[in-house]
Amino acid sequence: MPSIAHDYVICRVLNTSRAIHCDIIILLMKKKKLIIGNWKMNPDSKSEAVREFKKIKTAAGKMQNVQTVIAAPFVYLGLLSKNVSGHRCVLGAQDMFYEESGSYTGEVSASQLKSLGVNYVLLGHSERRALGETDKEVSQKLRVAIKHAMNPVLCIGELVRDRKGGHYKYVRDQVVGSLEGIPASALPRIVIAYEPVWAISSSKNAQVATPEDAEEMIIFIQKVLSEHYKLKRTPKMTFVYGGSSNSTNAEALLSKSVIGGLLPGRASLDSIEFIKMLKIANNI
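From a predicted model like this one, the values you see are computed outputs, not experimental measurements. (Residues numbered from 1 in each chain as written. Predicted model: local features only at pLDDT ≥ 70, side-chain atom pairs only at ≥ 80, totals over all residues. Heavy atoms only, no water.)

### Quick notes on the environment of Lys55
- Its place among the elements puts Lys55 in helix α1 (residues 46-60).
- For the pair Lys55 and Ile275, spaced 220 residues apart in sequence, the C-alpha separation works out to 8.6 Å.
- Look past the residues within four positions of Lys55 in its chain and what remains in contact with it is Ser271 and Ile275. (Helix = DSSP H or I, 4+ residues; strand = E, 2+ residues; numbered from the N terminus. Contact = heavy atoms within 4.5 Å.)

### A short note on the pairing of strand β3 (residues 33-38)
- Most of β3 is tucked away: 6 of the 6 residues are buried.
- Burial of β3 is two-sided: the residues Lys33, Ile35 and Gly37 facing one way and the residues Leu34, Ile36 and Asn38 facing the other way are all buried.
- In this sheet, strand β4 (residues 66-71) lies alongside β3 in parallel orientation, the contact comprising 6 bridges. Each bridged residue has a counterpart across the sheet, and for Gly37 the counterpart in β4 is Ile70.
- Each parallel crossover has a hand, and for β3 linked through α1 to β4 it is right-handed.
- Of the pairings in the sheet, the one linking β3 to strand β10 (residues 261-262) comprises 2 bridges and is parallel in character. (Buried < 20%, exposed > 50% of the residue type's maximum accessible area, 1.4 Å probe, protein only. Pairing = 2+ DSSP bridges. Right-handed = clockwise from strand over helix to strand, strands pointing away.)

### Description of the side chain of Glu273
- Mapped onto the elements of the fold, Glu273 is located in helix α9 (residues 271-283).
- It turns out Glu273 is buried and unbridged, and the closest side chain with the opposite charge, Lys276, is 4.6 Å from it.
- A polar side-chain atom of Glu273 sits 2.7 Å from the main-chain amide nitrogen of Ser247.
- Setting aside its immediate chain neighbours within four residues, Glu273 contacts Asn246, Ser247 and Ala267. (Lys, Arg positive; Asp, Glu negative; His and termini not counted. Salt bridge = Lys/Arg side-chain N within 4 Å of Asp/Glu carboxyl O. Polar contact = N/O pair within 3.5 Å; in protein donor to acceptor, adjacent residues only side chain to side chain.)

### A word on the packing of aromatic side chains
- The final tally for this structure, using the stated rule, is 4 aromatic pairs.
- A ring pair is formed by Phe97 and Tyr104, whose centres lie 4.9 Å apart and whose planes are at 50°; its orientation type is tilted.
- Overall, Phe97 belongs to the buried group, its relative accessible area being 10%.
- Among the aromatic residues, ring-to-ring pairing joins Phe97, Tyr98 and Tyr104 into one connected group. (Phe/Tyr/Trp six-rings, centres within 6.5 Å; stacked < 30°, edge-to-face > 60°.)

### Side note on the pairing of β4
- The element β4 is largely enclosed, with a buried count of 6 among its 6 residues.
- In β4, alternate side chains face the same way, and those of Val66, Thr68 and Ile70 on one face and Gln67, Val69 and Ala71 on the other are all buried.
- By the bridge criterion, 4 bridges tie β4 to strand β5 (residues 89-93) in an arrangement that is parallel. Bridging across to β5, Ile70 finds its partner in Leu91.

### Details of the environment of Ile280
- Here Ile280 shows up in helix α9.
- Spatially, the C-alpha atoms of Ile280 and Ser247 are 7.6 Å apart, while their sequence positions differ by 33 residues.
- Those residues in contact with Ile280 that sit more than four places away from it in its chain are Ser247, Ala250 and Glu251.

### Digging into a nonpolar patch on the surface
- On the surface, Leu159, Val160 and Tyr170 cluster together into a nonpolar patch covering about 280 Å² of accessible area.
- Summarising the element assignment, Leu159 is placed in the loop between β7 (151-156) and α6 (166-178). (Patch = residues over 30% accessible without salt bridge, like charges linked within 9 Å, V, L, I, M, F, W, Y side chains within 5 Å. Areas by Shrake-Rupley, 256 points an atom, 1.4 Å probe, with all protein chains shown as cover.)

### Topic: the packing of α1 against α9
- It is at 10 Å that the axes of α1 and α9 come closest, and there the two elements cross at 20°. With respect to each other, α1 and α9 are oriented roughly parallel. The element α1 and its partner α9 pack so that their crossing is right-handed. Contact residues: α1 offers Glu52, Lys55, Ile56, Ala59 and Ala60, while α9 offers Ser271, Phe274, Ile275 and Leu278.
- Of the residues belonging to the contact of α1 with α9, the class tally is 6 nonpolar, 1 polar and 2 charged. (Axes fitted to C-alpha atoms, helices over the stretch in contact; angles between N-to-C directions. Parallel < 35°, antiparallel > 145°, perpendicular 65-115°, else oblique. Left-handed = near helix turned anticlockwise from the far one by under 90°. Nonpolar A, V, L, I, M, F, W, Y, C, P; charged D, E, K, R; others polar.)

### What to know about the pattern of salt bridges
- Under the criterion given, the structure shown has 15 salt bridges.
- Its salt-bridge partner being Lys55, residue Glu52 comes within 3.4 Å of it at the nearest N-O pair. Linking Glu52 with Lys55, this pair stays in helix α1, spanning 3 residues, or about one helical turn.
- Of the residues examined, Lys55 reaches a relative accessible area of 41% and is grouped as partly exposed.

As structure tokens, then:
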């Protein structure tokens, strides 16, 4: 079973009919909203990283309906892992290598991340792809993450919106290519983050993606998965949205039933703004 974004609610029902008293325990699995803060190459110092993480952890620890993940730079993961307590606010990595060990200067392995208690990892982020990462490399990393029982967050998104619909083919090819060699049985563990590059605030000429834009593409990705794996129903996976999500648009995005969480970048660097997003997610 995947360890992502689930909790159990116990309801007690008292049956008094015919003077017989009995308690019935009903277990319901409640899916939490998954909010992943991608700190990218920030902040500048370890003291600031610890300070911001503690603020977020304190707030996140009070929210029963949200699973919070902070994807911090590698250099801070060891330090921040000492400040993790409980499961409501945990750490994620921004990438990892597809080899288990060896002479790969500058790379970080799955086992090294696991040794720090890091179970979430972003894979195939658009900024990594822009540096030359291929779908094949992403699929190799996915296989290693699954082998180590990690929760990979597969990032998918088109560069531009094509009026002729070419972006659908782009996304389809990216999904299928990134999942090459991944069995259908592994899908529930994988989070798919839809993050259109054209809507990322740091991108040149960035535009605003509407909740309907995100909803439409996530439904399309679900269709691609069902066709690719020959499934009779939509796979039970978590889909989150990136693309400049913040406290202004969080409620509208999370109100869409197919959007199970958010992947903010810039907004996650401001603990006040990020905590606002967590509160919105907790109340939906």
